[in-house]
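# What the coordinates show
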2 protein chains.
Amino acid sequence: MPTSADVARLAGVSRATVSYVLNNATAVRISEPTRQRVQEAADELGYVPHAAARSLRAGHSRMVLMPTPTMPMGALYSHVFNELQWALRRLDYTVVQFGSLGMSGDEAARAWAELRPVAVLAPGDGTLTPRGVHVLKRSGAKAVVTLGPQRVEGAHALLMDQRAVGRCAGAHLLDRGRTRIGVVVPREPGYETFSAPRLAGLRAATETRADARVVPLELGYDEPSAAELVARWRQLGLDSVFAYNDEYAMLLLRALQDAGVDVPGETAVMGADDLLLGRLLRPRLSTVRMELPSGQRLAELVDRAVRDPAGAPEVHPLLGTEAVPREST
Amino acid sequence: MPTSADVARLAGVSRATVSYVLNNATAVRISEPTRQRVQEAADELGYVPHAAARSLRAGHSRMVLMPTPTMPMGALYSHVFNELQWALRRLDYTVVQFGSLGMSGDEAARAWAELRPVAVLAPGDGTLTPRGVHVLKRSGAKAVVTLGPQRVEGAHALLMDQRAVGRCAGAHLLDRGRTRIGVVVPREPGYETFSAPRLAGLRAATETRADARVVPLELGYDEPSAAELVARWRQLGLDSVFAYNDEYAMLLLRALQDAGVDVPGETAVMGADDLLLGRLLRPRLSTVRMELPSGQRLAELVDRAVRDPAGAPEVHPLLGTEAVPREST
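Model, not experiment: these values are computed from the prediction. (Residues numbered from 1 in each chain as written. Chains lettered and ligands numbered in written order. Predicted model: local features only at pLDDT ≥ 70, side-chain atom pairs only at ≥ 80, totals over all residues. Heavy atoms only, no water.)

### Overview of the sheet that holds strand β7 (residues 213–219) of chain A
All names here are of chain A. Counted only if it meets this: By the convention used here, strands pair only if DSSP detects at least 2 bridges between them. The way it works is that DSSP assigns letters per residue, a run of H or I at least four long becomes a helix, a run of E at least two long becomes a strand, and they are numbered from the N terminus. Only the stretch in contact is used when fitting a helix axis, every axis being a line fitted to C-alpha atoms; angles between N-to-C directions are given from 0 to 180 degrees. Contact definition: two residues touch when any of their heavy atoms are within 4.5 Å.
With respect to topology, 4 strands assemble into an open sheet ordered β7-β6-β8-β9, the strand pairing being parallel. Edge positions in the sheet fall to β7 and β9 (268–270), since each has one partner strand and no second. Strand-to-strand twist across the sheet, computed as the mean angle between neighbouring axes with direction ignored, equals 25 degrees. Two strands pair when backbone bridges link them, and strand β6 (residues 180–186) and strand β8 (residues 240–242) are joined in this way by 3 bridges, in the parallel orientation. Bridge pairing in β8 links Gly-182 to Val-241. Those strands touched by helix α9 (residues 192–205) are β6, β7 and β8, and its axis lies near 170 degrees from that of β6.

### Topic: a negative patch on the surface
Rules: A patch consists of residues whose relative accessible area exceeds 30% and which take part in no salt bridge; residues with like charges are grouped when within 9 Å of each other, and nonpolar side chains (Val, Leu, Ile, Met, Phe, Trp, Tyr) when within 5 Å. Residue-level accessible areas treat just the shown protein chains as cover; the underlying method is Shrake-Rupley with a 1.4 Å probe. We define a salt bridge as a side-chain nitrogen of Lys or Arg found within 4 Å of a carboxyl oxygen belonging to Asp or Glu. Positive charge is attributed to Lys and Arg, negative charge to Asp and Glu, and no charge count is given to His or to the chain ends. Taken as the charge centre is NZ of Lys, CZ of Arg, CG of Asp or CD of Glu, depending on the residue.
Taken together, Glu247(A), Asp273(A), Glu247(B) and Asp273(B) make up a surface patch of like negative charges. In this fold, Glu247(A) is placed in helix α12 (residues 246–258).

### Observations concerning the interface of chain B and chain A
Counted only if it meets this: Two parts placed together each lose some accessible area; with a 1.4 Å probe, that loss summed over both constitutes the buried area. Residues adjacent in sequence count toward polar contacts only when both atoms are side-chain atoms; beyond that, a polar contact is any pair of N or O atoms within 3.5 Å, and within protein one must be able to donate a hydrogen and the other to accept it.
Between chain B and chain A, the contact holds 61 residues from the first and 63 residues from the second. Considering only the side of chain B, the residues that lose the most area to chain A are Val48(B), Glu114(B) and Leu280(B), jointly responsible for 12% of the buried surface there. At the surface where chain B touches chain A, the tally comes to 6 salt bridges. The salt bridge involving Glu223(A) is made with Arg279(B); its shortest N-O contact spans 3.9 Å. Across the chain B-chain A interface, the total number found is 15 residue pairs in polar contact (both at pLDDT 80 or more).

### Quick notes on the packing of aromatic side chains
Residues and elements named next belong to chain A. As a reminder of what qualifies: Here a pair means two rings of Phe, Tyr or Trp (six-membered ring of Trp) with centres within 6.5 Å. Their orientation is stacked below 30 degrees between planes, edge-to-face above 60, and tilted elsewhere. The buried label applies to any residue whose accessible area, calculated with a 1.4 Å probe on protein chains only, is under 20% of its type's maximum; exposed applies above 50%, and partly exposed to all values in between. In this scheme, Lys NZ or Arg CZ marks a charge over a ring once it lies within 6 Å of the ring centre and within 35 degrees of the ring normal.
Tallying each qualifying case throughout the model produces 8 aromatic pairs over all chains. Judged by centre distance (5.6 Å) and plane angle (80 degrees), the rings of Tyr-191 and Tyr-244 are edge-to-face. In this pair, Tyr-191 sits in the loop between β6 and α9 while Tyr-244 sits in the loop between β8 and α12, placing the two residues 53 residues apart along the sequence. Both residues of the pair, Tyr-191 and Tyr-244, count as buried. Pairwise contacts between aromatic rings join Tyr-191, Tyr-221, Tyr-244 and Tyr-248 into one cluster. Sitting above the plane of the Tyr-93 ring, Arg-62 keeps its charged end 4.0 Å from the centroid. Seen from the ring of Tyr-244, Arg-198 lies directly overhead, with NZ or CZ sitting 4.7 Å from the centre.

### Here we look at the relation of the copies chain B and chain A
In plain terms, the rule: The atoms used to superpose the copies are C-alpha atoms, taken from residues with pLDDT of at least 70 in both, and the fit is least squares.
Mapping chain B onto chain A calls for a rotation angle of 180 degrees and an axial translation of 0.0 Å; the resulting RMSD is 0.2 Å. Taken together, the turn and the small shift mark the pair as related by a two-fold rotation axis. Using C-alpha coordinates, one finds that chain B approaches the rotation axis most closely at Gln97(B), a distance of 2.2 Å. Mapped onto chain A, 100% of the interface residues of chain B again fall at the interface, so both copies present the same surface.

### Looking at α9(A)
All names here are of chain A. Definition in use: To estimate how far a helix should extend, the number of its residues minus one is multiplied by 1.5 Å.
With 14 residues, α9 should cover 20 Å at 1.5 Å per step; its first-to-last C-alpha distance of 20 Å lies within 8% of that length. Along α9, the residues that are buried comprise Thr-193, Ser-195, Pro-197, Arg-198, Leu-199, Gly-201 and Leu-202. Contacts from the buried residues of α9 go to α8 (163–175), β6, β7, β8 and β10 (287–291).

### As for the nonpolar core
For clarity, the cut-off: Residue types Ala, Val, Leu, Ile, Met, Phe, Trp, Tyr and Cys, when buried and joined through side-chain atoms within 4.5 Å, form a set referred to as a nonpolar core.
Ranked by size, the top nonpolar core spans 59 residues in total, and within it Trp233(A), Leu252(A), Trp233(B) and Leu252(B) carry the most contacts. Ignoring sequence-local partners within four residues, the contact set of Leu252(B) consists of Val184(B), Leu229(B), Val230(B), Trp233(B), Val241(B) and Ala243(B). In terms of nonpolar packing, the next biggest core, distinct from the first, is built from 46 residues, Ala51(A), Trp112(A), Trp112(B) and Val152(B) among them.

### Points about the sheet that holds strand β1 (residues 63–67) of chain B
Whenever strands of a sheet pair, they do so through backbone hydrogen bonds, lying parallel or antiparallel. With mixed pairing, 12 strands are arranged side by side in an open sheet as β11(A)-β5(A)-β4(A)-β3(A)-β1(A)-β2(A)-β2(B)-β1(B)-β3(B)-β4(B)-β5(B)-β11(B). A single partner strand is all that each edge strand has here, and the edge strands are β11 (315–317) of chain A together with β11 (315–317) of chain B. Neighbour-to-neighbour, the strand axes of the sheet open up by a mean angle of 20 degrees, direction not taken into account. Note that strand β3 (residues 119–123) of chain A and strand β4 (residues 143–148) of chain A share 5 bridges and pair parallel. From the neighbouring strand, Ala122(A) faces β4(A), where its bridge partner is Thr146(A).

What follows is the structure, encoded as structure tokens:
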């Protein structure tokens, strides 16, 4: 395996110069021809620096760990996630993602700590515990930041408060004169940390209305489950439903129509996510549109936290919501 | 920061024993009480092993690098991806994902090589070049494996040959008596490595039929783009369309219906992915269902490649396809 000494010899420069060039050190001025000579020598020999050796020498790493989502990501989240990685890389961090599927929170924290990251962006879904935050900090993480619906003691929080989604849907349905509101709770595992706060937010929106009633409705993401729910629809006495997201809403809307329930006349149906596909149904699906700050902004928050490791945990609410009324409500 | 010597002192064992326990070394027998004492001491001190230091000592890492997808993943891919991570972890690999958005192929390979992985699962989408494979191997990767539609010289390939999807759709449409076939090519960036082979596969399916005609149709994923395409639909003289996937198919199906084109009477429409949502349209959408092997099987292929670094590159075709005829064809 080629070493940096080999590169230095071939390029006719010192090992320090090789290190400055290949590690993109900005504090040291290196002339463009020298920079090019080093890069060419490294390419010819197939030499690349060793990130772990470098961070052991430096006593700290530039690695930021991000969680691997265990569910398929929507387009919005996927976009922000990619922007964030890209922005962190421009700030000279090495971003790697690490899955924790099937691990307990403390196992996950230990596994993350083994990689000695300078910052950890953990899922704000209950995986990470205060004890896990402690383990990460003890092993050198300067910033532990959760990204998701929940906070954890000791960590910064980029908070995507899902209650806002439920509040927004509830306010819209009340505005449309609906008061007997069903709320879909997906039966599929992994949704609880999103569906519970959405339900709570919708309840909160109806709190001041004595005439309002909120009924949780379990629904699996398949046609038989939807048919089963709809078979007892008229007994439920609902005039509207917030169906968790657009996909569950489309499933339920179709099942209601197949059972002869008029939408929105008899039951208003509302989704969330503002998927293009929701616009293709008739009636067109009303929805809650969500907005997140740019990945650039999130990267700056992470970087600031790394530079101020003794700072008190900060909470940044991130999730913007807006009702998009179409024809189904 | 606590060290393994601190743990050894507190547990009253040697540093070697601490290392055996915390690194899950299976070659060495350690009694359960000792194992527990070490784990408790480590927990109390908040000590976790340093993965990079360990692999520097050992001269090799157990890190497997996987690409971070730059597009939202479908449920099928997301499921297999999670299974694969889980299965690799059971084989005692540390799996991390690494994004390469906005990097050229050789930059990406160098960035991956800096982490000194024992294996790299790279996207088989043209990002990795033969030169990149060389750089990775020179820096110690025992296996370089692509996962996706394309092969790269020098690397093993877990090949998801997208031509099979086009062939399957083409055979179904011919079977339905359709011969003038439009093929949707998404306008959105990042789809080329999937859409080009799907188109090629469909062309291949019609090759022996002198009466067949295949017409590529550019389509953006929005309603105005669909309306624009449909406005000149009858001039195109097509009797069917393979619409890349279910989402584009649903968009196009709705636009055709809005323009008064009868589906499937005048134009048959076929998607791919077998999304539940496609079943909610009327007519119900015909589609191509894809199948992938289990993550366990993929993990075993990767592990075998690591154990036999001198072995010739293997190609494993992975993608199974099946037409699912419903009402739109």
